[in-house]
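Architecture and fold: a report
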Amino acid sequence: MEVHSRDYRARARRIITETPEVREAVNNATRTFVDHRREAFAHCDENALSGWSEGVKSHALTHLADYLEEAEARLVERGAHVHWAEAASDVHQIFERIVREHGVRRVVKAKSMLSEELGLNPFLESCGAEVFETDLGEYIIQLLGEPPSHIVGPSIHKSLDDTRVIFHERLGTPRDASPETLAEAARGLLREAFLTAELGVSGGNFLVAETGSIALIENEGNIRLSTSVPRIHVALIGIEKVLPKWADLSTFLQVTAKSATGQPVGCFVSIIQGPGGSAGGEPDGPEELHVVLVDNGRTRVLADPEVWEALRCVRCGACLNICPVYRQTGGHAYGYVYSGPIGAVLGPGLVGLEEMLPLPFASSACGACAEVCPVRIPIPDLLHVWRQRAVERGLTSDVERSVLGLLTAAATRSRVFGWAVKMAGFLPEWIVRRLPLLQEWSIGRETPRADGPTFRELWDEGIE
Amino acid sequence: MKRPEQTVRPSVNSGTRASNEPKHEREQRMSRNARERILNRVRDANRDREPVSHPGPLPEAAEPPGPFGEAGRADPVGSFENCFRAAGGEVVRFANEEAACRWLEEFAGGFESASVCTGVPNALHPALPGVPPSEAALGVSLAVGAAAQTGSLLLSSKEGRRSQLLPPVHLVWVQAEDVRTTLGEALQACRKDLPATLALHSGPSKSADIGQILVTGVHGPGRIIAAILGADGVRS
Amino acid sequence: MAAHTAEVFADAEYVVLPSGSCAAMLRHAYPRLLESPAIAEHSYELGEFLVDVLEVTELGRGLEGRRLAYHHGCHALRELGVEEQPRRLLEAAGATVVPWEMDQECCGFGGLFSVKAPEVSVAMADRKLDTLPDVQTVVSADGGCLLHMDGRARRRGKRVRFQSLASALWEARNGGA
């Protein structure tokens, strides 16, 4: 999966100026999520829930090796195959074998951000398999050839009209089809895929160590179908998704659903312990269950004493929904599978700071995200850590360093600073436009103008 | 054909790299090596870190309410009904099996065929031609439990999953005494004998992915009816 | 800069700042940058200082009849927990603080963010301006926010006055400007 975070500013500018409807669509969707989330937590002791959830996740991460081994043992006892993958190439190899040995021609996929990280779809296609994204939002963007724009709602940047157009082109629905008609068309086509695919691929919201259970939350039923109908089910799970005990699951299911969409719980939850069919002594279900435990940079983040807390993330998307910066563009501006606040703090850890710049700076540091994170990830603090590292590693621009150097020199010399502030109120715009960095102010804004004496002048005269 | 079991213990030898090593064995060896490297990195990462203790069970006072709360404990079936309906599900209640059967006869009249899960008692089968789940108009199953807190029905894969997923309408029988208050309690009751998949169904299938407009019946059943047996008062 | 500031104010009993972000910097960031800086303990944003430390809310009725909206700067709101104090001071001075749905949303200044991602920064200011109720003045405890929103409003030809809390309270005491 390619990272395009370097282009953040240009991509953001294009989205804002050339496709303002995207900004509108994202604004509407995120505002709705925010309102629903607030209602869902209104009668809850949010403090107690987030404190407890933080504790459980931190405990799981600090004892991760033991819990991973326990989960593996439980799964193997039930007849599942457990694979360990360090990076995308390992995962590709696992899938290559399965596709080859089982003659897989069709794959039905449930939404999995991890599979995006690993570039799975293009790889499966290169193996000659036809891949169907079955989550409706993912299906829409698959038809459009776009990456997901949001962790929970991949197509929130697309309007009803956008969907009508692409469905008319590809599925032959009428140009003015209602949402119900569009959904029915997708349902029919994807139902055929469910019934004929040899392989179903999913991610995993949680992996319960005590029972080796994979928990998956959804509203449509496509995950239930993808993990029940095809002969083989492969679940891709990041190693950080571990929950220690069966008893922990109920609260995490509820907290994640409330944080994401404001529901008490998703319409469907699949809690998977092993294969079904004859392997599991059941009337149906997959004959083979493969669980792939994926690192892909997670151990690097875990080893980082200042950033490891980001691994508590349950992928609810609440931080994206509340973020006033994300809201202006949607996820595509960030050029990475995880966008918004969590993308800016997890990405540099998983992929590397240099590739992910300027994302830690693509934030006004307003702090709203920290207030809604159900596992209390201190996102503003983590942004600060990455920014500091960027400066220390010399990754910020010379221009920026020079300007800040000048500012520091002025700010520590009282009279110089007083003079500079006075002058700032009289700077004509044509000068500001030529100043490095500060010229960006003139994009969209007038420069400050003097409006009477400065505070210093009043103070010196004796304010009364 | 049974695959060789994955070993759980760390392998002592990294294995011979003989050029005639079968591909799948080489892949298994590489997976074991990946396993070792990953687990070692995890252990190294946590080596100097202060371990965090598990906070224990969630305090009862912190259990999410909503339509639940005090009323939930007093009347789990009523709370379940409120929550399930709020999500778009339908609920019917019957004091006894006779009443249920009478209702079923009328209800089944609206369908051409059915696919029934193995766990459903004969008396509660609709008198309809049985067809494969992918062709049935109605799917019927028996829940192994329910949770009032989240309005969830708990379904076991032991009964067959396709009937719970493929027909557009899903009728779920559940005993009133199996309706627990919290989701945690409902899950705990299933802990001993977990099927390959324990599923929670908490309403009809839905999506707002098309321009943020809600549609139902996207993949799973667009209509789900919880039929509660042994519950006083018929609210339908 | 932090070291310099801490030194300058070393002997002060209280350090009062007419800026939420600056006060938050002294209170929360200085302890990370400097060795136990005493200054962190008694730094206050102006509105906070008046209401919580001096226990003063009545400054005069100089804002009688003024309809204004209050913008909550992020640092004052989320880092210092200053939310009610400015409103109380403004209302006690006779102003009507008009409800504004987006009053707690970030305006997009964010310090260097305003020049590193200017298009997004300006789009955020537009969100604020587009949802502003019908008022003549927007008051805030943060200079950066005010400069940014004022700059955008003037570019758009939107006639709203952006005034600092300190200036508004000055008018409360000494009569309207």
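Per-chain numbering applies: the sequence of each chain, read as written, is numbered from 1 onward. Whichever chain is written first is A, and whichever ligand is written first is 1; the rest continue in order. Note on the predicted model: pLDDT of at least 70 is required for a residue's local features to be given, and 80 or more for side-chain atom pairs to be given and counted; whole-chain, interface and lining totals, by contrast, use all residues.

Regarding the overall build of chain A
Every helix listed is a DSSP run of H or I at least four residues long, and every strand listed is a run of E at least two residues long, numbered separately from the N terminus. Along chain A, the regular secondary structure elements total 23 helices and ten strands. With the radius of gyration taken over C-alpha atoms, the globule rule is written as 2.2 Å times the number of residues to the power 0.38. Relative to the compact-globule value of 23 Å for 464 residues, chain A shows a C-alpha radius of gyration of 25 Å, a close match. Judged by the C-alpha coordinates and their principal axes, chain A covers about 90 × 55 × 45 Å. Within chain A, the fraction of its 464 residues that count as buried is 56%. Put simply, 74% of the contacts in chain A that link residues at least 6 apart link residues at least 24 apart. Residues with at least 20 other C-beta atoms within 10 Å of their own are called buried, those with 12 or fewer are called exposed, and the rest are partly exposed. The C-beta atoms themselves are positioned from the backbone. Contact criterion: two residues are in contact if their C-beta atoms, reconstructed from the backbone, are within 7 Å.

Regarding the overall build of chain C
Along the backbone of chain C there are nine helices and six strands. Taken against the 2.2 N^0.38 rule, which gives 16 Å for 177 residues, the C-alpha radius of gyration of chain C at 17 Å falls within 12% of a compact globule. Taken along its principal axes, the extent of the C-alpha atoms in chain C is 45 × 40 × 25 Å. Expressed as a percentage of its 177 residues, the buried residues of chain C come to 50%. Within chain C, contacts between residues separated by at least 24 positions form 75% of all contacts whose residues are at least 6 apart in sequence.

As for the domain arrangement of chain A
Partitioning chain A into structural domains gives domain 1 (19-298), domain 2 (301-392) and domain 3 (405-461). All domain edges in this entry derive from an automatic or database-based domain assignment. Each of domain 1 of chain A and domain 3 of chain A has a C-alpha centre, and these two points are 52 Å apart.

Comments concerning the domain arrangement of chain C
Residues and elements named next belong to chain C. Domain assignment breaks chain C into domain 1 (2-53) and domain 2 (67-174). With 15 residues of domain 1 at the contact, the number on the domain 2 side is 17 residues. Looking at the side of domain 1 that touches domain 2, the elements that each hand over two or more residues are helix H2 (20-33) and helix H3 (46-53). The classification used treats Ala, Val, Leu, Ile, Met, Phe, Trp, Tyr, Cys and Pro as nonpolar, Asp, Glu, Lys and Arg as charged, and all other residues, Gly among them, as polar. In the side of domain 1 that touches domain 2, the residues fall into six nonpolar, five polar and four charged.

Notes on the packing of helix H9 (residues 160-171) of chain A against helix H10 (residues 179-196) of chain A
Each pair of packed helices gets described by two things: the angle between the helix axes and the distance between those axes. Residues and elements named next belong to chain A. It is at 11 Å that the axes of H9 and H10 come closest, and there the two elements cross at 40°. Between H9 and H10, the interaxial angle falls into the category oblique. Considering the relative orientation of H9 and H10, their crossing is left-handed. For the pair formed by H9 and H10, the contact residues are Leu 160, Thr 163, Arg 164, Phe 167 and Leu 171 on the first element and Pro 179, Leu 182, Ala 185 and Leu 189 on the second. By residue class, the composition of the contact of H9 with H10 is seven nonpolar, one polar and one charged. The angle between two axes is taken between their N-to-C directions and runs from 0 to 180 degrees, where each axis is a line fitted to C-alpha atoms and a helix contributes only its stretch in contact. Comment on the angle field: the value is read as roughly parallel under 35 degrees, roughly antiparallel over 145, roughly perpendicular from 65 to 115, and oblique elsewhere. If you view the pair so one helix is near and one far, a crossing is left-handed when the near helix is turned anticlockwise from the far one by less than a right angle, and right-handed when it is turned clockwise.

Observations concerning the interface of chain C and chain A
Contact with chain C, which involves 27 residues of that partner, is made by 31 residues of chain A. Contributing elements (two or more residues each) for the side of chain C that touches chain A: helix H4 (74-79), helix H6 (113-116), helix H7 (118-130) and helix H8 (143-155) of chain C. Of the residues that constitute the side of chain C that touches chain A, the class distribution is 13 nonpolar, six polar and eight charged.

Let's talk about the interface of chain A and chain B
Each side of the interface is counted separately: chain A has 86 residues, and chain B has 73 residues. Looking at side-chain class alone, the side of chain A that touches chain B contains 41 nonpolar, 32 polar and 13 charged residues.

As for the sheet that holds strand S5 (residues 137-140) of chain C
What links the strands of a sheet is backbone hydrogen bonding, and the strands pair in either a parallel or an antiparallel sense. Residues and elements named next belong to chain C. Here, any two strands with at least 2 DSSP bridges between them count as paired. Strand order in this open sheet of four strands is S4-S3-S5-S6, and the pairing throughout is parallel. Every other strand in the sheet has two partners, leaving strand S4 (96-97) and strand S6 (161-164) as the edge strands with one partner each. Pairing of strand S3 (residues 67-71) with S5 involves four bridges; the strand directions are parallel. Bridge pairing in S5 links Leu 68 to Thr 137. Set on the sheet, helix H5 (residues 84-92) makes contact with S3, S4 and S5; between it and S3 the angle comes to about 165°.

Let's talk about the pairing of strand S11 (residues 223-229) of chain B
All names here are of chain B. Most of S11 is tucked away: six of the seven residues are buried. Bridge count for strand S1 (residues 90-94) against S11 is five bridges, and the pairing is parallel. Residue pairing across strands places Glu 90 opposite Ile 225, the latter belonging to S11. Relative to S11, strand S6 (residues 169-175) runs parallel, the two being bridged by seven bridges. When the sheet's bridge partners are listed, Gln 175 is paired in S11 with Leu 229.

Quick notes on helix H1 (residues 23-47) of chain B
The end-to-end C-alpha distance of H1 of chain B is 36 Å, a good match for the 36 Å that 25 residues give at a rise of 1.5 Å each. Along H1 of chain B, the positions that sit buried rather than exposed are Ser 31, Arg 35, Ile 38, Leu 39, Val 42 and Ala 45 of chain B. As for H1 of chain B, its buried residues are in contact with helix H4 (64-77), strand S1 (81-85) and helix H14 (298-302) of chain A. Given the number of residues in a helix, its expected span is that number minus one, multiplied by 1.5 Å.

Quick look at the confidence of the model for chain C
Confidence of the predictor at the level of single residues is given by pLDDT, which spans 0 to 100. Taken over all residues, the pLDDT of chain C has a mean of 93, while the share at 70 or more is 99%. Interface confidence for the predicted complex, expressed as ipTM, amounts to 0.93; the pTM equals 0.93.

A look at the arrangement of the chains
Among the two pairs of chains that make contact, the interface with the largest number of contacts is formed by chains A and B. Where chain B comes nearest to chain C, the C-alpha atoms are still 21 Å apart, and the two do not contact one another.

Let's talk about the sheet that holds strand S3 (residues 138-142) of chain B
Residue and element names in this part refer to chain B. Taken in spatial order, the five strands make up an open sheet running S1-S11-S6-S3-S2, and their pairing is parallel. Here the strands that pair on one side only, and so sit at the sheet edges, are S1 and strand S2 (114-116). Across the sheet, the axes of successive neighbouring strands diverge by a mean angle of 20°, strand direction being ignored. The sheet contact formed by S3 and S6 spans five bridges and is parallel. Bridging from a neighbouring strand, Ser 141 pairs with Val 172 of S6.

Points about the nonpolar core
Among buried residues, those of type Ala, Val, Leu, Ile, Met, Phe, Trp, Tyr and Cys that are joined through C-beta atoms within 7 Å form a set called a nonpolar core. One finds Val 292 of chain A together with Ala 227 of chain B to be the most contacted residues of the largest nonpolar core, which totals 243 residues. Setting aside chain neighbours within four positions, we find Ala 227 of chain B in contact with Val 92, Phe 94, Ala 100, Leu 171, Val 172 and Trp 173 of chain B.

As for the pairing of S5 of chain C
All names here are of chain C. The pairing of S5 with S6 spans four bridges and is classified as parallel. Looking across to S6, one finds that Val 138 is bridged to Phe 162. Orient the strands so they point away from the viewer, and a crossover whose first-strand-to-second-strand path over the helix runs clockwise is right-handed. With H8 bridging S5 and the parallel S6, this β-α-β connection has right-handed handedness.

Things to note about the packing of helix H16 (residues 340-350) of chain A against helix H19 (residues 379-392) of chain A
Residues and elements named next belong to chain A. Direction vectors running N to C along H16 and H19 enclose 45°, while the axes themselves pass 9 Å from each other. Relative to H19, H16 is oriented oblique. The hand of the H16/H19 crossing is left-handed. Every residue of H19 that contacts H16 at Pro 341, Ile 342, Ala 344, Val 345 and Pro 348 is listed here: Ile 379, Leu 382, Leu 383 and Trp 386. The class makeup of the residues in the contact of H16 with H19 is nine nonpolar, no polar and no charged.

Considering the environment of Ala 183 of chain A
Counting through the fold element by element, Ala 183 of chain A comes out in helix H10. You can call Ala 183 of chain A buried: it has 28 C-beta atoms within 10 Å. For the pair formed by Ala 183 of chain A and Leu 136 of chain A, sequence separation is 47 residues and the distance between their alpha carbons is 8.0 Å. For Ala 183 of chain A, the contacting residues outside a window of four places in its chain are Leu 136 of chain A together with Ser 207, Ile 210, Val 215 and Val 218 of chain B.

Some remarks on H5 of chain C
Residues and elements named next belong to chain C. Among the residues making up H5, those that are buried are Gln 85, Pro 86, Leu 89 and Leu 90. Seen end-on, H5 carries its buried residues on one side only, within an arc spanning 125°. Taken together, the buried residues of H5 touch H3, S3, S4, S5 and helix H9 (165-174). Phi for Gly 94, located one or two positions after H5, is positive at around 100°. The arc in question is formed by the directions pointing from the helix axis toward the C-beta atoms.

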